[in-house]
Amino acid sequence: MEQRLANCWRLTVNEKKFIESALLSDVRVDGRGPLDYRKLNIKFGKNDGSAEVQLGETRVMSYVSAQLVQPYRDRPNEGTLSIFTEFSPMADPSFEPGRPGESAVELGRIIDRGLRESRAIDTESLCILSAKLVWAIRVDIHILDNAGNLVDAANIAALASLLTFRRPECSLGGEDGQQVVVHPPEVREPLPLIIHHLPVAVTFGYFSNENLVVLDPTYHEEAVMTGRMTATLNANGDVCAIQKPGGQEISHRVIMHCLRLAHVKAGDMTAKIKDAVEKHNTERALQKIKRHSSSVAVDVCGTTASLGGKQNQSDGDKEGSRLDQLKLKDETKSMECDATSSAQVQSNKKDGSSKNFVGGPSSWDPYSDCVNSDLLKASLASRGHSTPSKKKDSRRETKPEEPQNEVKIDSAPMDTALTSGQSNEGKTLKDAVKPKHKRKKKKGSSNNAN
Amino acid sequence: MEMDRPDGRSPNQLRPLACSRSVLHRAHGSATWAQGETKVLAAVYGPKAGTKKNENPEKASIEIIWKPNTGHIGQADREYEMILKKTFESICIRTIYPNTTTSIVVQVVHDDGALLPCAINAACAALVDAGIPLRHLAVAICCSVTDNNCIILDPSKQEEEKAKAFAYLVFPNTTVSVVPEKSLQAGSDPMAHGIITSVTHGAMSERGRATTQRLSEFLRKNMEPKSTREASKAG
């Protein structure tokens, strides 16, 4: 629609001159140096494989999903990876919905080349049945806010989401070993993708003055600059891809200089991405532990399991106030009874799926040791008996009966490692907190351990 | 009839709400709205010149673009676009800017049930953020009927899949309005899935309206502090 173009933003002559003359004195409009990146912020969504990246004001969201398909004829043992880029009309008034435009396709190709040619993702591990069934990984990149340098931001988003994506585990079964059984995440822990290295894209902008090179251009700078180059490198210094789409000619000396710069920046970026992913993974693992413990015993272990997770934060607190804090804290997965949650908007609800979650012991055990550490026992041994028990009584009364029944059934088929871990935890806390309350359920689970 | 929902809510209880406005920098207005885990991001680009061919040029027209999480745009997405369009056409004052198009872009961030009401709420907040003149705000709620004929509000994805039928209700956010008939007119009574008898329909509307009280309070509270922000960027 021509109307869209009529509504889009145009750079004024004054702004253009200002940007160029400021760069001559190594100053950029937002106060950065010519070779500084903007602030990078990586957030992860609820699903495995969803990430949102903010590079300054540019905002990009990325999703990874997987499907079982037939492989290509010439590559029967390899899975496929495809990148879909969407320049959402919300990012820029000049972006139109519908078929992706030229720049969208180019962005998709740069990211795709960086991942595919360098074989960053191991596609052979995605093969289930040779020539019949393989995993097709699909990365959807949505550009939400265009404030310049979409390539770098989209690349980081794609990498972050691929690192946190988990695909369901499947095994071969049936009479002839040809039947593929896909296990849902509740039954078997989903697997991460095998990623060998992280190809990071670094974009340079060139201006009419040869000596001006700018890293991570903003939207205004992009409108002023006369040429651009994107170099995709990994932390080892391997060049995975280079893209220079027309524009001003650059001497090879400048290109080599830029590649060296890109190497340094790629190292930085890789470290930042890995940090963010690490943090996210630890949080996820902690949450899984809370879910496990709460599925065994509703009130006691539920609260205390979350206590374990929040050890660092609640160490210095008093017992009574600790319980109050736990109730109100957003991060805990403790159940809230309906009577107390009059402020419903703020209260946190436990996820329905968490109760039925019986995951594999493999991901659970290492962390359960951390939770059962001496810290937990020491802090709980010092607890008073009266206040916690009172509070727990009132909470337990209003709890529905169902989850407790579920708990009994669930605890039976669990692996020994699981039960011993959980009831061990239960024993420590129960013994410390409630010696008087001898409910049948607890006896049952402690008997299981014995 | 008591009913135990998997996440422990009572049948009339909503999931925790979260709303933030002005999240994007290029868009004239933007908002995210989260109900529990369902999260939607909406952006508004203020009146642009011209209307599409089959639109009435005497009035402002609203254009909705629905972007799903993954996958190509399908029939369901087009349906959502139509519903949102009708809903917002009844809310916006269309006679102010004739022969212009206001675009609302809705991006699904995460779908955990009650997606369409969440999107309507998000788009409404984004319209306010953009400064588009509205007759009144819209609050949307999802009611579903479960297998044992129990009406529950704001179902999660699990509950939605098991529900016999569900309906999305949109109500105007007028100041304490005592007139029931008027409220029923506003906003299409959008999608209804499954079989809903008139009795349940009545019960749904009542309960829905009561809950929207709470929702509209939340919405109003959210709009207040931001009134001192910079002037609209539609210039």
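(A) Quick peek at the packing of aromatic side chains. Applying the stated criterion across every chain yields a total of 2 aromatic pairs over all chains. Where Phe87 of chain A meets Phe95 of chain A, the ring centres are 4.7 Å apart and the plane angle is 40°; that geometry is what we call tilted. By relative accessible area, Phe87 of chain A is classed as buried at 12%. Note on Phe95 of chain A: relative accessible area 11%, which makes it buried. With 4.5 Å between their ring centres and 40° between their planes, Trp66 of chain B and Tyr80 of chain B make a pair best called tilted. Within this pair, whereas Trp66 of chain B is found in strand β4 (residues 61-67), its partner Tyr80 of chain B is found in helix α1 (residues 75-91), the two being separated by 14 residues in sequence. Each of the two residues, Trp66 of chain B as well as Tyr80 of chain B, counts as buried. The lysine or arginine in question, Arg26 of chain B, covers the ring of Tyr219 of chain A, its NZ or CZ lying 4.0 Å from the ring centre.

(B) Summary view of the packing of helix α3 (residues 102-116) of chain A against helix α4 (residues 150-164) of chain A. All names here are of chain A. Packing of α3 against α4 leaves a shortest axis separation of 10 Å and a crossing angle of 45°. Here α3 lies oblique to α4, going by the angle between them. When the axes of α3 and α4 are compared, the crossing they make is right-handed. Contacts from Leu107, Ile110, Ile111 and Leu115 in α3 reach Leu150, Val151, Ala154, Asn155, Ala158, Leu159 and Leu162 in α4. When grouped by side-chain class, the residues that make up the contact of α3 with α4 number 10 nonpolar, 1 polar and no charged.

(C) Representation of the sheet that holds strand β2 (residues 29-35) of chain B in the model. All names here are of chain B. Across the sheet, which stays open at both edges, the 5 strands sit in the order β1-β2-β3-β5-β4 with mixed pairing between neighbours. The outermost strands of the open sheet, each flanked by one partner alone, are β1 (17-21) and β4. Taken over all neighbouring pairs, the strand axes of this sheet differ in orientation by 15° on average, direction set aside. Relative to strand β5 (residues 100-110), β4 is paired through 7 bridges, and the arrangement is parallel. Paired with Lys67 across the bridge in β5 is Gln107. This element, α1, spans β4 and β5 of the sheet and lies at about 145° to β4. Set on the sheet, helix α2 (residues 115-130) makes contact with β1, β2, β3 (38-49), β4 and β5; between it and β2 the angle comes to about 150°.

Rules used in this analysis
Residues numbered from 1 in each chain as written. Chains lettered and ligands numbered in written order. Predicted model: local features only at pLDDT ≥ 70, side-chain atom pairs only at ≥ 80, totals over all residues. Heavy atoms only, no water. Phe/Tyr/Trp six-rings, centres within 6.5 Å; stacked < 30°, edge-to-face > 60°. Buried < 20%, exposed > 50% of the residue type's maximum accessible area, 1.4 Å probe, protein only. Helix = DSSP H or I, 4+ residues; strand = E, 2+ residues; numbered from the N terminus. Lys NZ or Arg CZ within 6 Å of the ring centre and 35° of its normal. Axes fitted to C-alpha atoms, helices over the stretch in contact; angles between N-to-C directions. Parallel < 35°, antiparallel > 145°, perpendicular 65-115°, else oblique. Left-handed = near helix turned anticlockwise from the far one by under 90°. Contact = heavy atoms within 4.5 Å. Nonpolar A, V, L, I, M, F, W, Y, C, P; charged D, E, K, R; others polar. Pairing = 2+ DSSP bridges.

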